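Chain by chain, the residues:
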Amino acid sequence: MKILNQFEPLVIEEIEGLCETSSHHSHTYYELVYINSGKGLHYLNADTIPYQNGDLFLVAPGEFHSFEMEDMTHFTYIKFTEAYFESKKHLAPDEFKIGSPEILMEMKWLKEVKICIKEPCNHILKSTINNLVVYSKHKNISNSPIAYYQILSIFGMIKEIIKDRGEGLFKQELNFEKLISFIHENIYNRDKLSVKAVSLCFNISPTYFSNYFKRHFNISYQEYLDTYRVALIEKRLEIGGLKLKQIAEEFGFTDVSHLSKTFKKIKGKSPKDHIKETVNSK
C-alpha cells in the first residue's frame, strides 16, 4: 500500500486517467479531488461512492482511497499540508476563525456521502477550480493570497452545504473543554478512551486526533491519561483503606505490576514508597 508524501505547502495537479494518485493509497497531506469529467467509483476507507463530473471529494491524512474509472476521467487535485493554512491564519476571515478547513476535512460524515453541490455553486466551484489551475501555471501559488482565498471559497461552499443540511457544524468539534470533560468522565473505562473510540466519538481520524492532542497539550495522549490516572490513584493511596489490587482493577490495569510500573514512570517512586512517605508525614 503506497503512502505518498508532499513537502510543498500547496500543489495543484490536473490528471486524465489513472496514475499513482488514483490507485489505492494513503498520504500525509490533505487532498481535495474535483471531477472535471468522467464517471466511476471512489473507494474511500470502507465506503464506495459513485462519482461523476462536478463531484468533490475530501481526503484527510491517513485515509486510504482510490478510483475505478468507468469513463476516462479528468481529475483536479488540490493538495495541501497542515502548514499551508497554519501559515495564513492572519489572512483568515472571521468565518474561518472557528471551523477551519482542516476540521472540515476531518469530518467523517462528509466522507460517507456524496457532497451534492447544487446551482449556482456548482458553476462557481468549476470556475474556481479552473482559476486555480490556470493561476498555478504562472505563479507560485503557495505564497499567493489570491490562491488562498480561492481555496477558502471552496470551503465556504462546503459550509453552505452543511448549513443547508441542518447539521450542527461543530456539535462534535474537538476542543479542550469537550475533550477533557470526556476523558475525565470515562477515566475508569479504558475501552472508551482508546484512540479509536475517542476519534469515533468526535468524528475525526485517529491520526488527526493524536497530532491534535500532542500539538495542543504538549504531551502525548497516553502520557496525559497516565498522569491523570496516577493523580487520582495518589488520592486513593493517601485516603487508605483500599488494596493495590482493588485500585488496579478500578482503573483498568491488567494487574498490580502494571499499575506500579505506570505510577513509578510518572512519580519516580512506587505506590508502596508513596504510601510509606504519606504515613511518615502524618
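Residues numbered from 1 in each chain as written. Predicted model: local features only at pLDDT ≥ 70, side-chain atom pairs only at ≥ 80, totals over all residues. Heavy atoms only, no water.

What follows covers the overall build of the protein chain. Looking only at helices and strands, one finds 12 helices and 9 strands in the protein chain. Each of the 282 residues in the protein chain was classed as buried or not, and the buried ones make up 46%. Considering only contacts within the protein chain whose residues lie at least 6 apart along the sequence, 69% involve residues at least 24 apart. Surface summary for the protein chain: the accessible area is close to 14800 Å², and the carbon and sulfur share equals 53%. (Helix = DSSP H or I, 4+ residues; strand = E, 2+ residues; numbered from the N terminus. Buried < 20%, exposed > 50% of the residue type's maximum accessible area, 1.4 Å probe, protein only. Contact = heavy atoms within 4.5 Å. Areas by Shrake-Rupley, 256 points an atom, 1.4 Å probe, with all protein chains shown as cover.)

Bringing the nonpolar core into the picture now. Counting residues in hydrophobic clusters, the biggest one holds 63 residues, and the most contacted among them are Leu32, Leu56, Ile78, Phe80, Phe155 and Ile183. If we skip the residues at most four places from it in the chain, isoleucine 183 touches Leu193, Phe213, Tyr221, Tyr224 and Leu225. (Core = buried A, V, L, I, M, F, W, Y, C linked by side-chain atoms within 4.5 Å.)

Applying the stated rule across the entire model yields 19 aromatic pairs. Between the aromatic rings of phenylalanine 85 and tyrosine 148, the centroid separation amounts to 5.8 Å while the plane-to-plane angle is 55°, which identifies the pairing as tilted. Of this pair, phenylalanine 85 sits in helix α1 (residues 82–86) while tyrosine 148 sits in helix α5 (residues 145–164), and the two are 63 residues apart along the sequence. For phenylalanine 85, a relative accessible area of 4% corresponds to the buried category. Within the aromatic cluster, the residues linked to one another by ring pairs are Tyr30, Phe80, Tyr84, Phe85, Tyr148, Tyr149 and Phe155. Against the face of tyrosine 77 rests lysine 79, its NZ or CZ located 5.6 Å from the ring centre. (Phe/Tyr/Trp six-rings, centres within 6.5 Å; stacked < 30°, edge-to-face > 60°. Lys NZ or Arg CZ within 6 Å of the ring centre and 35° of its normal.)

Once that is clear, we can look at the sheet that holds strand β2 (residues 10–16). Overall, antiparallel pairing links the 4 strands, which are arranged β2-β9-β4-β7 in an open sheet. Every other strand in the sheet has two partners, leaving β2 and β7 (56–59) as the edge strands with one partner each. Direction aside, neighbouring strands of the sheet carry axes that sit 15° apart on average. Where strand β4 (residues 30–37) and β7 come together, 4 bridges link them in antiparallel fashion. The residue of β7 that forms the bridge with leucine 32 is leucine 58. Strands in contact with helix α4 (residues 121–136) are β2, β4, β7 and β9 (74–80); relative to β4, the strand with the most contacts, it is inclined by about 110°. (Pairing = 2+ DSSP bridges. Axes fitted to C-alpha atoms, helices over the stretch in contact; angles between N-to-C directions.)

The end-to-end C-alpha separation of helix α9 (residues 221–239) is 28 Å, in line with the 27 Å expected for 19 residues at 1.5 Å each. Among the residues of α9, Tyr221, Tyr224, Leu225, Asp226, Arg229, Val230, Leu232, Ile233, Glu234, Arg236 and Leu237 are the ones counted as buried. In the stretch just after α9, glycine 240 is the one whose phi turns positive, near 80°. (Expected span 1.5 Å × (residues − 1).)

To continue, consider unusual backbone geometry. Residue proline 120 is reached from glutamate 119 by a cis peptide bond, and omega for that bond is 0°. Tracing the backbone through its elements, the reader meets proline 120 in the loop between α3 (109–112) and α4.

Two elements, strand β5 (residues 40–44) and strand β6 (residues 47–51), share 5 bridges in a ladder whose sense is antiparallel. Across the sheet, histidine 42 pairs through a bridge with isoleucine 49, a residue of β6.

On average, the protein chain scores 83 in pLDDT, and the residues at 70 or more come to 88%. Summarising per-element confidence for the protein chain, the mean pLDDT is lowest in α3 (67) and highest in β9 (94). Contacts from residues 167–173, a stretch scored under 50 in pLDDT, to residues over four places away or in other chains number 19 contacts. (pLDDT = per-residue confidence, 0-100.)

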